[in-house]
Amino acid sequence: MAEGISNKDPARAAAQRSEPDAHGQAALLLVESLIHALIARALISAEDAVEIVGVATEVKAEIGADLGDSPATMEKSLTLLKSISASLMHDVAR
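Here we summarise the structure given alongside this text. Bear in mind that the values here come from a model prediction, so they are computed numbers and not experimental data. (Residues numbered from 1 in each chain as written. Predicted model: local features only at pLDDT ≥ 70, side-chain atom pairs only at ≥ 80, totals over all residues. Heavy atoms only, no water.)

## Some words on the overall build of the protein chain
Of the regular secondary structure elements, the protein chain holds four helices and zero strands. Reading the secondary structure of the protein chain in the N-to-C direction produces α-α-α-α. For the protein chain, the proportion of contacts with a sequence separation of at least 24, taken over those separated by at least 6, is 53%. Counting only carbon and sulfur atoms, one obtains 61% of the accessible surface of the protein chain, whose full area is about 7,000 Å². (Helix = DSSP H or I, 4+ residues; strand = E, 2+ residues; numbered from the N terminus. Contact = heavy atoms within 4.5 Å. Areas by Shrake-Rupley, 256 points an atom, 1.4 Å probe, with all protein chains shown as cover.)

In structure tokens form, the structure reads like this:
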């Protein structure tokens, strides 16, 4: 049993399991920051960065079910990728 999760409080246990993954959030933020830094240093164009994220979005949509993603997880992943793409579009506009 996970530390701090009581069998007497299943609602609390379920809530703790459904919290976002801290490692995944940190990794995603790090990658997005790295992409922005590469653009700022003119090592990659903003257009190329948007294209790369677009490809990742397409791949995720194609293979997510094969990886065992639930529809809710798939939607969250695609939403995050689309958010990153929108963030990078600000660099394209500059």
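What follows continues from the structure just given.
## A look at the nonpolar core
In this structure, Ile35, Ile39, Ala46, Ala49, Val50, Val53, Leu81, Ile84 and Leu88 together form the largest nonpolar core, which totals nine residues. Of all the secondary-structure elements, those providing two or more residues to this core are α2 (22-40), α3 (46-63) and α4 (71-93). Among the elements that line this core, the one with the most residues is α3, at four residues. Apart from residues lying up to four places away in sequence, Ala46 is in contact with Ile39, Leu88, Asp91 and Val92. (Core = buried A, V, L, I, M, F, W, Y, C linked by side-chain atoms within 4.5 Å. Buried < 20%, exposed > 50% of the residue type's maximum accessible area, 1.4 Å probe, protein only.)

## A word on the packing of α2 against α4
With their axes 11 Å apart at the nearest point, α2 and α4 run at an angle of 20° to one another. In terms of orientation, α2 lies roughly parallel with respect to α4. Between α2 and α4 lies a crossing of right-handed hand. On α4, the residues touching Leu28, Glu32, Ile35, His36 and Ile39 of α2 are Leu80, Ile84, Ser87, Leu88 and Asp91. Here the residues of the contact of α2 with α4 sort into six nonpolar, two polar and two charged. (Axes fitted to C-alpha atoms, helices over the stretch in contact; angles between N-to-C directions. Parallel < 35°, antiparallel > 145°, perpendicular 65-115°, else oblique. Left-handed = near helix turned anticlockwise from the far one by under 90°. Nonpolar A, V, L, I, M, F, W, Y, C, P; charged D, E, K, R; others polar.)

## Structural notes on α3
In a regular helix each residue adds 1.5 Å, so 18 residues correspond to 26 Å; α3 covers 26 Å between its end C-alpha atoms and thus fits that length. Next to the buried residues of α3 lie α2 and α4. (Expected span 1.5 Å × (residues − 1).)

## Some thoughts on the environment of Asp69
Mapped onto the fold, Asp69 is located in the loop between α3 and α4. Contact partners of Asp69, with chain neighbours within four places excluded, come to Lys60, Gly64 and Met74. Polar side-chain contacts of Asp69 include one of 2.4 Å to the side chain of Lys60. (Polar contact = N/O pair within 3.5 Å; in protein donor to acceptor, adjacent residues only side chain to side chain.)

## A look at unusual backbone geometry
Although it is not a glycine, Ala42 adopts a positive phi angle of roughly 60°. Within the secondary structure, Ala42 is located in the loop between α2 and α3. In this structure Ala42 comes out as exposed when scored by relative accessible area, which is 66%.

## As for α4
Between its first and last C-alpha, α4 extends 33 Å over 23 residues, near the 33 Å set by a 1.5 Å rise per residue. Along α4, the positions that sit buried rather than exposed are Met74, Ser77, Leu78, Leu81, Ile84, Ser85, Leu88 and Asp91. Those residues of α4 that are buried are in contact with α2 and α3.

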